[in-house]
Amino acid sequence: MGARQSGARRKDKGPLGRGLLRGRQKFSSWDDALLPGRDPRCLLKRGLRHVSFSLVTKGMTDAPDFLWGLSEMQKLNLSHNQLRAVPPELGKLTRLVVLNLCGNRLKTLPREVSLLQSLKVLFVHMNGLTELPAELGACRSLEVLSASHNCLSQLPASLADLSRLRKLNLSHNRFAHIPVCVFSLKELDFLHVGSNRLENIAESIQCLAGLQIFIAEGNHIHTFPRSLCLLTSLELLNLNNNDIQTLPAELYMLCRLTRIAWNPMDKGLHISRNPLSKPLPELLEGGLEMLVSYLKDRKHT
């Protein structure tokens, strides 16, 4: 009898049994949790402040349909997958506060993003976005928008309605100028437009009076506009690696820029790797105070 039982066990591991095992191993983590027929809500993580769900680096080309039924979800992380589109059902997640879609293959976002009236943080960097929908302007609670490393060359005018937006990253795109709608975002304290195709900074930059960090490195900017000197809240100004030759005498007005900065993470004035006319390169070595003094004296001579 023992031999028969042993044979039965071996039989279970035959071709069919091995096939079932192989198929079983292909189930993704969320499929595995749902196999017993459990409610998808069991996958939600309930923190002290937010109800969240994360499917990071799963190789997904499509988001699982059950997601759009998790209406109580507040944070959704689908980053670093292979998503080519997000369905209109995204609009059902009306309680979303944070949405992370970075590191996918998205070309655009669904119009139904306008239904996410509680959304405060949107990460869509490192995709293939060629546009942002005009409906995004309806997300009036949005405070942080990261859209770097895409293929954007313009923004819809409706984004001027994002009156609470504080941080905007548009770096590593294809902008030839800073979009006009940006100058209406009065609450901005961080603006990154580095590594684009900018040749100038519009005088309208002075409208962003609360800006504390402005990064425009790695462009083709020819002049340091005097209007930048009106942004007296600036603590970090990065114009490295451009085509700037002269600096304005009004530089002294940027009183919160306390030094010439060389480390990318440091506060201060970043102005290296520009074809500055002499004696400006030598003055940079002497520090910001020496540079500002020279510019003032030159203005009065």
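Residues numbered from 1 in each chain as written. Predicted model: local features only at pLDDT ≥ 70, side-chain atom pairs only at ≥ 80, totals over all residues. Heavy atoms only, no water.

Digging into the overall build of the chain
A tally of regular secondary structure across the chain gives five helices and eleven strands. Out of the 301 residues belonging to the chain, those deemed buried represent 46%. In the chain, the share of contacts with a sequence separation of at least 24, taken over all contacts with a separation of at least 6, comes to 32%. (Helix = DSSP H or I, 4+ residues; strand = E, 2+ residues; numbered from the N terminus. Buried < 20%, exposed > 50% of the residue type's maximum accessible area, 1.4 Å probe, protein only. Contact = heavy atoms within 4.5 Å.)

Here's the deal with the nonpolar core
Residues Phe214, Phe224 and Leu291 are the most contacted members of the largest nonpolar core, which totals 79 residues. Breaking this core down by element, the ones donating at least two residues are α4 (280-286) and α5 (288-299). A total of four residues in this core trace back to one element, the largest contributor, which is α5. Those residues in contact with Phe224, other than ones at most four positions away along the chain, are Cys229, Leu237, Leu239, Ile244, Thr246, Leu247, Pro248, Leu251, Leu254, Leu269 and Ile271. (Core = buried A, V, L, I, M, F, W, Y, C linked by side-chain atoms within 4.5 Å.)

Comments concerning a positive patch on the surface
Among the surface-exposed residues, Arg84, Arg105, Lys107, Arg174 and Arg197 lie close enough to one another that they form a single positively charged patch. Among the secondary structure elements, Arg105 is positioned in the loop between β4 (98-100) and β5 (121-123). Taking the relative accessible area as the measure of exposure, Arg105 reaches 41% and is therefore partly exposed. (Patch = residues over 30% accessible without salt bridge, like charges linked within 9 Å, V, L, I, M, F, W, Y side chains within 5 Å. Areas by Shrake-Rupley, 256 points an atom, 1.4 Å probe, with all protein chains shown as cover. Salt bridge = Lys/Arg side-chain N within 4 Å of Asp/Glu carboxyl O. Lys, Arg positive; Asp, Glu negative; His and termini not counted. Charge placed at Lys NZ, Arg CZ, Asp CG, Glu CD.)

As for α5
Over its twelve residues, α5 runs 17 Å from end to end, which matches the ideal 16 Å to within 8%, given 1.5 Å per residue. Among all positions of α5, only Leu288, Leu291, Val292 and Leu295 are buried. Seen along its axis, α5 keeps its buried residues to an arc of 95 degrees; they face one direction. Summarising the contacts, the buried residues of α5 are in contact with β11 (268-270) and α4. (Expected span 1.5 Å × (residues − 1). Arc of directions from axis to C-beta.)

Some details on the packing of aromatic side chains
Tallying each qualifying case throughout the model produces one aromatic pair. For the ring pair Phe53 and Phe66, a centre distance of 6.0 Å and an interplane angle of 80 degrees mean the geometry is edge-to-face. Here the residue Phe53 occupies a position in strand β2 (residues 51-54), and Phe66 occupies one in the loop between β2 and β3 (75-77), the gap between them amounting to 13 residues. Both residues of the pair, Phe53 and Phe66, count as buried. Just above the ring of Tyr252 sits the side chain of Lys296; from NZ or CZ to the centre is 4.6 Å. (Phe/Tyr/Trp six-rings, centres within 6.5 Å; stacked < 30°, edge-to-face > 60°. Lys NZ or Arg CZ within 6 Å of the ring centre and 35° of its normal.)

Here's the deal with the environment of Ala202
The topology assignment puts Ala202 in the loop between β8 (190-192) and β9 (213-215). Look at Ala202 and you get partly exposed, because its relative accessible area is 31%. Separated by 26 residues in the primary sequence, Ala202 and Leu228 place their C-alpha atoms 9.3 Å from one another. In contact with Ala202, other than residues within four places in its own chain, are Phe183 and Ser227.

So, the side chain of Ser227
Tracing the backbone through its elements, the reader meets Ser227 in the loop between β9 and β10 (236-238). With a relative accessible area of 2%, Ser227 lands in the buried category. Ignoring sequence-local partners within four residues, the contact set of Ser227 consists of Ala202, Glu203, Ile205 and Gln206.

So, the pattern of salt bridges
On inspection of all chains with the given rule, the structure shows eight salt bridges. For Arg140, the salt bridge is made with Asp161, and the minimal N-O distance between the two is 3.9 Å. Taken as a pair, Arg140 in the loop between β5 and β6 (144-146) and Asp161 in the loop between β6 and β7 (167-169) lie far apart in primary sequence, 21 residues in all. In this structure Arg140 comes out as partly exposed when scored by relative accessible area, which is 43%. Here Glu250 and Arg226 are joined by a salt bridge, their closest N and O atoms 3.2 Å apart.

Quick word on the confidence of the model for the chain
Overall, the prediction assigns the chain a mean pLDDT of 88, with 83% of residues at 70 or greater. Scored below 50 in pLDDT, residues 1-30 shows 14 contacts in the model against residues more than four places distant or in partner chains. In this model, residues 32-37 is a region of pLDDT below 50 whose contacts with residues beyond four sequence positions or in other chains number nine contacts. (pLDDT = per-residue confidence, 0-100.)

A closer look at unusual backbone geometry
Omega for the bond connecting Lys278 with Pro279 falls within 30 degrees of zero, at 5 degrees, which places this linkage in the cis form. Mapped onto the secondary structure, Pro279 falls in the loop between β11 and α4. Located in the positive-phi region is Thr57, a residue other than glycine, with phi close to 55 degrees. Mapped onto the secondary structure, Thr57 falls in the loop between β2 and β3. Notably, Ser195 is not glycine yet its phi reads approximately 55 degrees, a positive angle.

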